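Residue-level structure breakdown
This is what each chain is made of:
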Amino acid sequence: MVANAIDMIGKLVSFDTVSRHSNLELIHYVRDYLAEYGVESTLVFNDDKSKANLYATVGPKVEGGVVLSGHTDVVPVDGQPWSTDPFTVVEKDGKLYGRGTADMKAFSAIGLSLVPEMLKKGLKKPIHFALSYDEEVGCVGAPRMIREMADHLPKPRAVVVGEPTNMEIVNAHKGVNGFQTTVIGHEAHSSQVHRGVSAVMTAAKLIEFLRGIMDEFKASADPANGFEPPYTTVHVGVVNGGTAMNIISRECTFVWDVRNLPWDNPKDVLAKFEAYCAELLPEMQAIAPECSITTVATSAAPGLKPEESGAAEELCRLLSGQNSISVVPYGTEAGQFQEVGFSTVVCGPGSIDQAHQPDEFIKISQVEEGEAFLRKLIDHLAQ
């Protein structure tokens, strides 16, 4: 058995759960660890059963519990100049180095290390663990688990998503919506542009149109809304197309995202974009009827909206003694919990500034602050 939070962080980090790999080794470890304490886990798999979410309840299965939510996957380390093994925790100068220390295995590790204390205290209200897969590629794993939890668990009072916030309480964040657009044009010699339809140049028009949508959001932004930047952003991250300089390109694909303020609707962006695509098609198809523009959604994670008198926020204020509330521009699974009616906040140890970086680290002082917070939660739920 793992003795303390730091040892548990080391154990969870040791599993290479980069999103392109399976997370089952880590999930099975957590399942077996909990089973040693008589805690039963439920696994919720992806389609090919190569990955799984896990949820488990410590304490009585009654309403009013608290969910501790964390994702098990991490981003790749390829090409990053790490000075240590990313999957071996190294302690140095009051910091723990390793992939996932900040984002976000530390939060789950702290909670798991405190299971013996949860059982010893005798919880009157339960603590639910919720560990997901594939958060880093668009929050695509958690919804299956969340639906099952909503269907089968007594309704919790609060969900705490332990993304790194330096233990500050976050009650709002942007949504993240990913799209892939494919333009099919018509090939011809580049000296005969009137006979072809350039997929690359059409894609360039579309990309510029998306930039214009973001400019509209920027122009109407409220700088006092707490977000940085204070507007919904639209960004094209990858473009692939064409075969040679002297061939009018037949195909071009680009991937893009909308990171929307929680009160903006990303579907409005998509509708405006598709309307512009429809304007371009007649001219393209007049030259070659097979021309097309197709957009598919690749991910969709809703923003987290501030809750009026939210139970999760009130609980975290009580436990932490904080009066201030923060918002963050990045996305989490919190909005997905909120969508099914669970009061939710984001609050966890470590800094997002360290996430996805080489030599990622979490300060031991942050681990200790996370432990203190969860111990207060245990005491609160035992009363």
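Predicted model, so just to flag it, every value in this text is computed and none were measured.

Cut-offs applied
Residues numbered from 1 in each chain as written. Predicted model: local features only at pLDDT ≥ 70, side-chain atom pairs only at ≥ 80, totals over all residues. Heavy atoms only, no water. Helix = DSSP H or I, 4+ residues; strand = E, 2+ residues; numbered from the N terminus. Rg over C-alpha atoms; globule rule 2.2 N^0.38 Å. Areas by Shrake-Rupley, 256 points an atom, 1.4 Å probe, with all protein chains shown as cover. Lys, Arg positive; Asp, Glu negative; His and termini not counted. Charge placed at Lys NZ, Arg CZ, Asp CG, Glu CD. Pairing = 2+ DSSP bridges. Axes fitted to C-alpha atoms, helices over the stretch in contact; angles between N-to-C directions. Contact = heavy atoms within 4.5 Å. Buried < 20%, exposed > 50% of the residue type's maximum accessible area, 1.4 Å probe, protein only. 1 Å grid on protein atoms, 1.4 Å probe; cavity = no way out; pocket = protein on both sides within 12 Å on 5 of 7 lines; lining within 4 Å. Points joined across faces, edges and corners; volume = space filled by probe spheres on them. Nonpolar A, V, L, I, M, F, W, Y, C, P; charged D, E, K, R; others polar. Salt bridge = Lys/Arg side-chain N within 4 Å of Asp/Glu carboxyl O. Phe/Tyr/Trp six-rings, centres within 6.5 Å; stacked < 30°, edge-to-face > 60°. Lys NZ or Arg CZ within 6 Å of the ring centre and 35° of its normal.

1. Considerations on the overall build of the protein
Counting its secondary structure elements, the protein contains 10 helices and 15 strands. Taken over C-alpha atoms, the radius of gyration comes to 23 Å for the protein, in line with the 21 Å a tight globule of 383 residues would show. Surface accessibility of the protein: about 16,800 Å² in total, with carbon and sulfur atoms responsible for 51%. Taken together, the 32 basic and 50 acidic charged side chains of the protein have centroids lying 3 Å from each other.

2. Notes on the sheet that holds strand β11 (residues 251-260)
Spatially, β10-β11-β9-β12 is the arrangement adopted by the four strands of the open sheet, whose pairing is antiparallel. Each end of this open sheet is capped by a strand with a single partner; those strands are β10 (233-241) and β12 (292-301). Between one strand axis and the next, the sheet turns through 20 degrees on average, direction left out of account. Where strand β9 (residues 175-184) lies against β12, nine bridges are found, and the strand directions are antiparallel. Across the sheet, V183 pairs through a bridge with I293, a residue of β12. Those strands touched by helix α6 (residues 199-219) are β9, β10, β11 and β12, and its axis lies near 10 degrees from that of β11. Lying over the sheet, helix α7 (residues 266-287) contacts β9, β10, β11 and β12, oriented at roughly 170 degrees with respect to β12.

3. Focus: the pairing of strand β2 (residues 52-58)
With seven of seven residues buried, β2 is to be regarded as a mostly interior element. The side-chain alternation of β2 yields two buried faces, one formed by A52, L54, A56 and V58 and the other by N53, Y55 and T57. Linkage of strand β1 (residues 41-45) to β2, two consecutive antiparallel strands, is achieved through a turn of six residues, within which K49 is found at a positive phi near 60 degrees. Sheet topology places β2 next to strand β6 (residues 127-132); five bridges connect them, and they run antiparallel. Opposite Y55, over in β6, you have A130 as the bridge partner.

4. A word on empty space enclosed by the protein
One pass over the full model with this rule turns up one cavity of 30 Å³ or more. Here the largest cavity is characterised by a volume of approximately 40 Å³. If you trace the largest cavity, you find it lined by L12, L26, H71, T72, K105, S108 and L131. Taken together, the residues of the lining of the largest cavity break down into three nonpolar, three polar and one charged.

5. Quick notes on the pattern of salt bridges
Evaluated as defined, the whole model comprises 14 salt bridges. One salt bridge connects R144 with D47, and the closest N-O pair in it is separated by 2.6 Å. Taken together, the positions of R144 in helix α5 (residues 142-152) and D47 in the loop between β1 and β2 put the pair 97 residues apart, joining distant regions of the chain. In this structure D47 comes out as exposed when scored by relative accessible area, which is 70%. Here R375 ties to E117 by a salt bridge, and the two come within 2.8 Å at their closest N and O atoms. Placement of R375 in helix α10 (residues 364-382) and of E117 in helix α4 (residues 115-121) is noted, with a sequence separation of 258 residues between them.

6. As for the layout of surface pockets
Rolled over the atoms, a probe as big as a water molecule pinpoints where empty space is left. Here the largest pocket defines a volume of roughly 560 Å³. As for the largest pocket, its lining consists of 22 residues, of which E136, R259, Y330, G331 and H356 are closest to the centre. The element contributing the most residues to the lining of the largest pocket is β12, with three residues. A class-by-class count of the residues in the lining of the largest pocket yields seven nonpolar, eight polar and seven charged. In this structure, the second largest pocket occupies an estimated 460 Å³ of space. Considering the residues around the second largest pocket, the lining is formed by 24 residues, among which N177, A301, P302, G303 and E339 are closest to the centre.

7. Side note on unusual backbone geometry
Backbone geometry follows two general trends: most residues other than glycine have a negative phi, and most peptide bonds adopt the trans configuration. Between D103 and M104 the backbone carries a cis peptide bond, its omega angle lying at -10 degrees. Mapped onto the elements of the fold, M104 is located in helix α3 (residues 101-113). Phi at K49 is positive, roughly 60 degrees, even though this residue is not glycine. Examined against the element boundaries, K49 turns out to sit in the loop between β1 and β2. Even without glycine at this site, D134 takes up a positive phi of about 60 degrees. Inspection of the secondary structure assignment puts D134 in the loop between β6 and α5.

8. Topic: the packing of aromatic side chains
Enumeration over the complete set of coordinates arrives at eight aromatic pairs. A centroid spacing of 5.5 Å and a plane angle of 55 degrees characterise the contact between Y97 and F361, whose relative ring orientation is tilted. Within this pair, whereas Y97 is found in strand β5 (residues 95-97), its partner F361 is found in strand β15 (residues 361-363), the two being separated by 264 residues in sequence. A single burial state applies to Y97 and to F361, both of which are buried. Measuring from centroid to centroid gives 4.9 Å for W256 and F273, while their planes differ by 55 degrees, and the two rings are tilted. Of this pair, W256 sits in strand β11 while F273 sits in helix α7; the two residues are 17 residues apart in sequence, bridging distant segments of the chain. Accessibility expressed as a relative area gives 3% for W256, which makes it buried. Of the residues examined, F273 reaches a relative accessible area of 0% and is grouped as buried. Each residue in the set F15, Y29, Y33 and Y37 is aromatic and connected to the rest through ring pairs, giving one cluster. The side chain of K95 reaches across the aromatic face of F361, ending 4.4 Å from its centre.

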